[in-house]
Amino acid sequence: MTTSTPAPAPAAPATDASALTGKRRIAFASFVDENYLPGFLVLLRSLALSNPHLCEDFLVLHDGLRPASVAAIRDLHPRVGFRRVDADHYDSYVKGDQDNYLVRKAYFILDVFRVRDYDTVITLDTDMVVLGPVDELLTLRHGLAAVPQFFYGDKTRMLNSGLLVIQKEYLSDAFCAKIDAIGRSGTYELDKHDQGILNALLDGDFVDLDPRYNYVKRRLSGDLPVPDDVAVLHFTGRHKPWQGGEAGYGLAQERWAEFELTDAEFHAAYLEAGDTLHHDLLVHYGTPHVERTGDADTARKVALAHIGAGDFQAAVDILEQVHLPIDEAWPHEVYGNALMSVSRYEEAKAQLHLASAAPNRAATAFSRLAQIAWVHGEDTQAREYATAGLTVDPTHRASRIWHQRTTGIPAQPAGRPEDQLAHVAFYMDRQGNAGDKLLPESVRLGFDRDTTSRRWHSVHAHRLFDRNALERVNARRGLVIGGGGLFIPDTMPNGNSAWQWNVPDEMLKGIEVPIAVYAVGFNAFDGQSYRAHRFRESLRLLVEKSAFFGLRNHGSIEKVRAMLPAHLHDKVRFQPCPTTVTRQLVDGWQDPVRRDDTILVNAAYDRAGLRFGHDYGYFLAQMAKAVEGLRELADVQCVAHSLDDEKIAFDLRREHGVSLPVIPMYDFDNDGIRDLYARTRLVIGMRGHAGMIPFGCGTPIISLISHPKMAYFLRDIDRPEWGVSVHDRNLAALLVERSRDLLADHDRTVADVHGRQQELWKVTEANSADLRTILGG
């Protein structure tokens, strides 16, 4: 088959997250009308019950549906979209019976090739029922895939178009023009409808799918049972199951009837469908089930789904609707978690004390009680709760973290308040994320060579900023807010601001000293959202109060400006992350005389679903190939910013037999972090600061892009080619090729890094002049 290459898409806006990360957008699609609506409703139920962990967008193509039909479809899927087909467009295709309903319906599904919003579209006929897992279809990345079929006496290889997996190169104007040309020519077999058009166009050049993904009914003639491995059963022919079916296919009809359920029956069946329920479907089906039954355990499951998606108020709302039995600890623990996440702390404590009575939930409940106490500055109480959690379960990680956070805090020399700046930041724990550990010190270096408590008063962003904290800040000469991507909704959530600093509006209004927001990032992932109203109000007040408001990349600037009234836009300015200019900030910095012959690789696993989507297996296989190629250039090692980052080494060994030595950077002090990154030849990193820190140390980088902030930074330094999406079709080859290019003339590459860094330093110096005027010193 020969098809012209589609024209490249225009450059995406700086804030188009999916375009920046390259994350594949996947949708199912069906043509639906009133005649086939009963079949489509069964199809949706079967897809949910057979694949309870799966929830992709579903496009409904139609040429007119009644409002009641639209509502029935929406009730069965939370991510459905409707697109009206231009029926007149296909009139010229139909040769013969213009009123032949089946012929016209077959043409209308061709409209799916006019979809431009997705990278992969999977079509399903409304006379299909899904009986098994279809995950494999979502991992396909190339071509147009279908089940091949052969007609009696005809050896020509043709596709069965009931189920197609269509990749983006076919979702193009060029391909649609070819469909139109063949459709209007009449040079296809009328009785095969759209198959005739596609087969004429493809001429057998398509990717084969296993027949289990489009198992046609006629193979079961004579009341044969449906094979156990069938994933999609297709009721081809004129006699549809909802019309009574056809003689000789009774067992197939029974499989279809399994999904002809009332809403109540369907919701109950989904909630019992397994342990890996998709949070969108769980919320969509579980919420009406709770309203109908008042079931506390379902309310707990729905609340956990809301918490996982960062919608903490919704979690509170669903649990407030039901009676929670005193002796059922888990719902109380989840309710306590939800309440503390919206800053209803006293109510949360009551729920968590109830949960602590059950041995299987006690450790978690005690750790949350420790967290609430720590948030309120009650370290002794927090330590007691953490100890109680460890007494129940000595391996409980959260309890151990809170115990460590409140134990053995070293005394620091206190400076005079009038000589100090207060500093709101996320101060990382021992064995915490290496990048976040380095950030507060890096921010302080942007203001003063002395980063100790003689010149700085630390304010942990996650602690409640109460009246006592306000008085301490107002006794200083200014307040600096900075130390990472503080604008993120689900890291230590609170209801006071809906971002990381736990500051009520009243306390923020009470700050009397100058405020400088310094190199903060808007850190929402692709597919993640804020509780918009509370965050916008807090953000607006912060911008109004700030004398300096600097964000660390232009993508964050555009995101934040979009949430502000126009008169505040000019207050938002660019301030690069200080880690990117480390060589300029660290006193006495000297570039290494020689470098280790190493390439350091970093991967991140927090919010893995948002990072990888359905592509983690692909990513891992590509990284295995990349490591083998990179070893021809240097010694490849894994650098772990946090404990979870070691997963790539475990998975590569287990799945692909590729071994990597692991460097536990989470155990390093700040000088050790900078030293390691300064001495290597190249860093391939997925974490934001696995790119920015080595860059600031003068080391070449390649970013594994799974978060928009990586692309934001590379755009700011005008080197987008230093990034590769974790979803890229040629990930391994690109990593090896670009690594080879950067290492071929390493001195030139390092000089380029220095030059890019110098541009960021100019911005930092200009801002520093303004900050000296604002804060003094």
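All residue numbers here refer to positions counted from 1 along the written sequence of the relevant chain. Reporting of local features is limited, given that this is a predicted model, to residues whose pLDDT is at least 70; pairs of side-chain atoms are given and counted only at 80 or more, and all residues count toward the totals for whole chains, interfaces and linings. In computing side-chain values, all of the structure's heavy atoms are included and hydrogens and water are not.

Here's the deal with the overall build of the chain
Working step 1: Secondary structure elements follow DSSP: runs of H or I no shorter than four residues count as helices, runs of E no shorter than two count as strands, and numbering proceeds from the N terminus. Check the secondary structure of the chain and you find 31 helices and 22 strands.
Working step 2: On C-alpha atoms alone, the chain measures out to a radius of gyration of 29 Å, which is about the 28 Å that the 2.2 N^0.38 rule sets for 777 residues.
Working step 3: Counting the 777 residues in the chain, one finds 57% classified as buried.
Working step 4: Two residues form a contact once any of their heavy atoms are found within 4.5 Å. Contacts in the chain between residues far apart in sequence, at least 24 positions, make up 72% of those at least 6 positions apart.
Working step 5: To measure how exposed things are, a 1.4 Å probe is used in the Shrake-Rupley method; for residues, cover is taken only from the protein chains shown. Only carbon and sulfur atoms are counted for the fraction: they give 49% of the accessible area of the chain, which is about 31,100 Å². Note on method: radius of gyration uses C-alpha positions; expected globular size equals 2.2 Å times residues raised to 0.38. Remark: exposure states derive from per-residue accessible area (1.4 Å probe, protein chains only) relative to the maximum for the residue type, with buried under 20%, exposed over 50%, and partly exposed in between.

Quick look at a negative patch on the surface
Working step 1: Put simply, a patch holds well-exposed residues, over 30% relative accessible area, that have no salt bridge, with like charges counted together within 9 Å and Val, Leu, Ile, Met, Phe, Trp or Tyr side chains within 5 Å. Should a side-chain nitrogen of Lys or Arg be within 4 Å of a carboxyl oxygen of Asp or Glu, the pair is scored as a salt bridge. Charged residues are defined narrowly, with Lys and Arg counted positive, Asp and Glu counted negative, and His plus the chain ends left uncounted. Here the site of a charge means atom NZ of a Lys, CZ of an Arg, CG of an Asp or CD of a Glu. A contiguous patch of negative charge, built from Glu272, Asp295, Asp327 and Glu328, is present on the exposed surface.
Working step 2: Among the secondary structure elements, Glu272 is positioned in the loop between helix H9 (263–271) and helix H10 (279–293).
Working step 3: You can call Glu272 exposed: its relative accessible area is 66%.

Digging into the packing of helix H12 (residues 312–320) against helix H13 (residues 329–341)
Working step 1: Inter-axis angles, ranging from 0 to 180 degrees, are taken between N-to-C directions of lines fitted to C-alpha atoms, where helices are fitted over the stretch in contact. The geometry of H12 relative to H13 is characterised by a closest axis approach of 8 Å and an angle of 135° between their N-to-C directions. If you check the angle between H12 and H13, you find them oblique. The two elements H12 and H13 meet at a crossing, and its hand is left-handed. Along the contact surface, H12 presents Phe312, Ala315, Val316, Leu319 and Glu320, while H13 presents Pro331, Val334, Tyr335, Ala338, Leu339 and Ser341.
Working step 2: Taken together, the residues of the contact of H12 with H13 sort by class into nine nonpolar, one polar and one charged. An angle counts as roughly parallel when it lies under 35 degrees, as roughly antiparallel when it exceeds 145, as roughly perpendicular when it falls between 65 and 115, and as oblique in every other case. Should the near helix be turned anticlockwise from the far one by less than a right angle, the crossing is termed left-handed; should it be turned clockwise, right-handed. Residue classes follow a fixed rule: Ala, Val, Leu, Ile, Met, Phe, Trp, Tyr, Cys and Pro count as nonpolar, while Asp, Glu, Lys and Arg count as charged, and any other residue, Gly among them, counts as polar.

A closer look at the side chain of Asn433
Working step 1: Within the secondary structure, Asn433 sits in the loop between strand E11 (421–425) and helix H18 (434–445).
Working step 2: Asn433 sits in the buried class, given a relative accessible area of 14%.
Working step 3: Setting aside residues up to four positions removed in sequence, Asn433 forms contacts with Met428, His641, Ser642 and Arg687.

Describing the side chain of Thr580
Working step 1: Secondary-structure assignment places Thr580 in the loop between strand E16 (572–574) and helix H23 (582–585).
Working step 2: A distance of 2.6 Å separates the side chain of Thr580 from the backbone oxygen of Cys577, its partner in a polar contact.
Working step 3: Among all residues touching Thr580, those that are not within four sequence positions of it are Met692, Phe695, Gly696, Phe713, Gln757 and Leu760. For the purposes of these results, a polar contact is taken to be a pair of N or O atoms within 3.5 Å, where, inside protein, one atom must be able to donate a hydrogen and its partner to accept one; residues adjacent in sequence count only when each atom of the pair is a side-chain atom.

Structural notes on the nonpolar core
Working step 1: Note on terminology: a nonpolar core comprises buried Ala, Val, Leu, Ile, Met, Phe, Trp, Tyr and Cys residues joined through side-chain atoms within 4.5 Å. Counting 111 residues, the largest nonpolar core has Phe487 and Trp501 as the members making the most contacts within it.
Working step 2: Ranked by residue count, the leading element in this core is helix H25 (residues 616–630), at nine residues.
Working step 3: The next biggest cluster of nonpolar side chains, apart from the first, holds 99 residues, and it includes Val32, Leu138, Ile372 and Ala386.

What about the pairing of strand E20 (residues 682–685)?
Each regular strand carries side chains that alternate between the two faces of the sheet.
Working step 1: Both faces of E20 are covered, namely the face carrying Leu682 and Ile684 and the face carrying Val683 and Gly685.
Working step 2: Pairing analysis gives three bridges linking strand E17 (residues 598–601) to E20, with the strands arranged parallel. Residue pairing for E20: Val601 is matched across the bridge by Ile684.
Working step 3: As defined by bridge partners, E20 adjoins strand E21 (residues 701–705) across three bridges and the pair is classed as parallel. Residue pairing across strands places Val683 opposite Ile701, the latter belonging to E21.
Working step 4: Consider the strands pointing away from the viewer: the crossover is right-handed when the path from the first strand over the helix to the second runs clockwise. For the segment spanning E20, helix H28 (residues 689–696) and E21, crossover handedness is right-handed. Criterion used throughout: strands pair if DSSP finds at least two bridges between them.

Examining the sheet that holds E11
Working step 1: Across the sheet, which stays open at both edges, the six strands sit in the order E12-E11-E13-E14-E15-E16 with parallel pairing between neighbours. Only two strands of the sheet have a single partner each, and these edge strands are strand E12 (456–460) and E16. Sheet twist, expressed as the mean angle between neighbouring strand axes with direction ignored, is 25°.
Working step 2: The strands touched by helix H22 (residues 554–561) within the sheet are strand E15 (548–551) and E16, with E16 carrying the most contacts at an inclination of about 175°.

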